[in-house]
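# Breakdown of the fold
Okay, here's what each chain looks like letter by letter:
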Amino acid sequence: MVSEESILLEILLIVVAAKALGELFDRFSMPRVIGELVAGILLGPSALGLVRPSPELEALAMVGVVFFMFSAGLEVNLRSLMRRFREGLLVALAGVAVPFTMGMALGYRHSLDLAQSFALATCLSITAIGLSVRVLMDLHMLTTRVGLTIVNAAVDDDVIGLVLMSAAFALALEEVEFHNVALAMVTAIAFLTAGFALGIAITRSVRARLRFGRLLGLHTRNPSLKLGIAIAFALLFGYLARVSGLHEIVGVFIAGMILNVLLGESAEREIIDFTFAFFALLFFAYIGVKTDLRALAGATWFTAELLVAAFAGKIIGGALGSLAAGLSPREAVVVGIAMNSRAAVELAIAGTFYSLGVFTPEIFTAVVIMAAVTSVATPVMMRGAVRLLGLRR
């Protein structure tokens, strides 16, 4: 059990170091999130060892990503996002099909059984979008065609990933029941349909906005009450997304888009400013803390092949889907790179497969390294691609 004094000191170190390095990187025209990741890596087990992963920091980081994705949702117009639905769906399908196929081929090449190969392919197919969204916000590209396509693809990817994970766990437990996988997919799609339908109805009709705002109590003149209601609404959507089998960040992001037309600029600004002053710093720096680069010492040829499959699968798949959707080659490259991040989501899934005995220590170590490398590399690659290809910053 970590003492309260230690937790407070670790939070202090994270916030100060992440903010300082974030500002430093911004001075050199680099996304702040890269500095925040580097701060976490320096403070964590990879370097100084001043901060170590713990359940307390894990909980704070979870709250951090919830507030971050809520803030991102507040900056996105739902109707603009829905206009990019086709592009996002094509990117998600191709961005899952290519790395999944490469994962199955890699498993076959190394004589893994069906459950191991399917689990490995599933890990390669998952996208953790938080990092990419943060880079898009740092580069002022979240509401561009590229940004909205990436966000759409991430939501669709989450649904596809849910189905793949359900199937992978079923294979691991030798309980392949189609109705369980189908039920998971139906509940996820039902939640997304209801959430987007509510949002579209509110954005299209002034009367609906007034009625829903009054129902939630957002017409109050008490600023703190208004913020409390908005946060509660976001947490409710996060909980409902989790119950539906999706990640909670999908729910809070949808809640943010719904509240985009209800809250008012002043309340939105308060939430966004506080999030980036504290919660976002904690989340992104903690990813760095959990990125233990000492695992590279355990790298094997299998790890190298997995890294190649991870980068090539997501970037090529995302780019092909983008081209099929009508995006330019330059935009397609950025979208493909953005879909390459795995981060903490990957570690949680890999940890579950390891605990079930599906992954051997070698496979688990390789997946951990892959998650770490893609998490650190994706923001840098996105920034470089946007600059080299001349896309709007």
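Each remark here, short or long, concerns the structure printed above.
My aim in this report is to walk through the structure given alongside it, one point at a time.

Cut-off values and rules
Residues numbered from 1 in each chain as written. Predicted model: local features only at pLDDT ≥ 70, side-chain atom pairs only at ≥ 80, totals over all residues. Heavy atoms only, no water. Helix = DSSP H or I, 4+ residues; strand = E, 2+ residues; numbered from the N terminus. Rg over C-alpha atoms; globule rule 2.2 N^0.38 Å. Buried < 20%, exposed > 50% of the residue type's maximum accessible area, 1.4 Å probe, protein only. Contact = heavy atoms within 4.5 Å. 1 Å grid on protein atoms, 1.4 Å probe; cavity = no way out; pocket = protein on both sides within 12 Å on 5 of 7 lines; lining within 4 Å. Points joined across faces, edges and corners; volume = space filled by probe spheres on them. Salt bridge = Lys/Arg side-chain N within 4 Å of Asp/Glu carboxyl O. Axes fitted to C-alpha atoms, helices over the stretch in contact; angles between N-to-C directions. Parallel < 35°, antiparallel > 145°, perpendicular 65-115°, else oblique. Left-handed = near helix turned anticlockwise from the far one by under 90°. Nonpolar A, V, L, I, M, F, W, Y, C, P; charged D, E, K, R; others polar. Phe/Tyr/Trp six-rings, centres within 6.5 Å; stacked < 30°, edge-to-face > 60°.

## What about the overall build of the protein chain?
Helix and strand counts for the protein chain stand at 17 helices and zero strands. The C-alpha radius of gyration of the protein chain comes to 20 Å, within 12% of the 21 Å expected for a compact globule of 393 residues. Projected onto its principal axes, the C-alpha positions of the protein chain cover 65 × 50 × 45 Å. A buried classification covers 53% of the 393 residues belonging to the protein chain. By sequence separation, contacts in the protein chain at least 24 residues apart represent 80% of the contacts at least 6 residues apart.

## Things to note about empty space enclosed by the protein
Summed over all chains, the structure comprises one cavity of 30 Å³ or more. Here the largest cavity defines a volume of roughly 40 Å³. Lining of the largest cavity is provided by Val 66, Phe 67, Phe 70, Ile 231, Ala 234 and Leu 235. Elements with a minimum of two residues in the lining of the largest cavity: helix H3 (55–74) and helix H11 (223–243).

## Looking at the pattern of salt bridges
For the coordinates displayed, the defined rule picks out nine salt bridges. With a shortest N-O distance of 3.3 Å, Lys 19 and Glu 23 are connected by a salt bridge. Here Glu 23 and Lys 19 lie together in helix H1 (residues 4–27), a separation of four residues that amounts to about one turn. Judged by its relative accessible area of 31%, Glu 23 falls in the partly exposed class. Taking the shortest distance from any N to any O, the salt bridge between Glu 331 and Arg 145 comes out at 3.6 Å. Residue Glu 331 is located in helix H15 (residues 329–338), and its partner Arg 145 is located in helix H8 (residues 145–172); the two are separated by 186 residues in the primary sequence. Glu 331 sits in the buried class, given a relative accessible area of 14%. What you see here is one network of salt bridges that share partners, running through Lys 19, Glu 23, Asp 26 and Arg 32.

## Quick word on H15
Counting buried positions over the ten residues of H15 gives seven, a clear majority of the element. Residues of H15 that are buried include every one of Glu 331, Ala 332, Val 334, Val 335, Gly 336, Ile 337 and Ala 338, and no others.

## Some thoughts on the environment of Ala 234
With respect to the helices and strands, the residue Ala 234 is situated in helix H11. Between the alpha carbons of Ala 234 and Leu 124 there is a distance of 30 Å; along the sequence they are 110 residues apart. Among residues more than four places away in sequence, those in contact with Ala 234 are Phe 70, Val 252 and Ala 255.

## Focus on the packing of H11 against helix H12 (residues 248–259)
For any two helices packed against each other, one specifies the crossing angle of their axes together with the interaxial distance. Following both chains from N to C, one finds H11 and H12 inclined at 140°, their axes separated by 7 Å at the closest point. Here H12 runs oblique to H11, going by the angle between their axes. Seen from above, H11 lies across H12 with right-handed handedness. Together, Ala 230, Phe 233, Ala 234, Phe 237, Gly 238, Ala 241 and Arg 242 of H11 and Glu 248, Gly 251, Val 252, Ile 254, Ala 255, Ile 258 and Leu 259 of H12 make up the contact between the two elements. Counted by class, the contact of H11 with H12 contains ten nonpolar, two polar and two charged residues.

## Quick look at the packing of aromatic side chains
Per the stated rule, a full pass over the model turns up twelve aromatic pairs. With a centroid separation of 4.5 Å and an interplanar angle of 20°, the aromatic rings of Phe 67 and Phe 279 are classed as stacked. Residue Phe 67 is found in helix H3, and its partner Phe 279 is found in helix H13 (residues 265–290); the two are separated by 212 residues along the sequence. Note on accessibility: Phe 67 and Phe 279 belong to one class, buried. Ring centres 4.8 Å apart and planes at 45° place the aromatic pair Phe 233 and Phe 237 in the tilted group. Taken together, the residues span about one helical turn, with Phe 233 and Phe 237 both in helix H11 at a distance of four residues. Taken individually, Phe 233 and Phe 237 each receive the classification buried, so the pair is uniform in this respect. The rings of Phe 67, Phe 274, Phe 278 and Phe 279 are connected pair by pair, giving a single aromatic cluster.

## Digging into unusual backbone geometry
Residues other than glycine predominantly adopt negative phi, and peptide bonds predominantly adopt the trans conformation. Unusually for a residue other than glycine, Ser 111 sits at a positive phi of about 60°. Position of Ser 111 among the secondary structure elements: in the loop between helix H5 (85–109) and helix H6 (114–125).

## So, the layout of surface pockets
Rolled over the atoms, a probe as big as a water molecule pinpoints where empty space is left. Of the pockets and cavities examined, the second largest pocket occupies roughly 300 Å³. What lines the second largest pocket is a set of 14 residues, among which Phe 85, Asp 156, Val 159, Ile 189 and Leu 192 lie closest to the centre. Mapped onto the lining of the second largest pocket, the elements with two or more residues apiece are H5, H8 and helix H9 (178–204). Looking at the lining of the second largest pocket, the element that brings in the most residues is H9, giving six residues. Partitioned by chemical class, the residues of the lining of the second largest pocket number eleven nonpolar, two polar and one charged.

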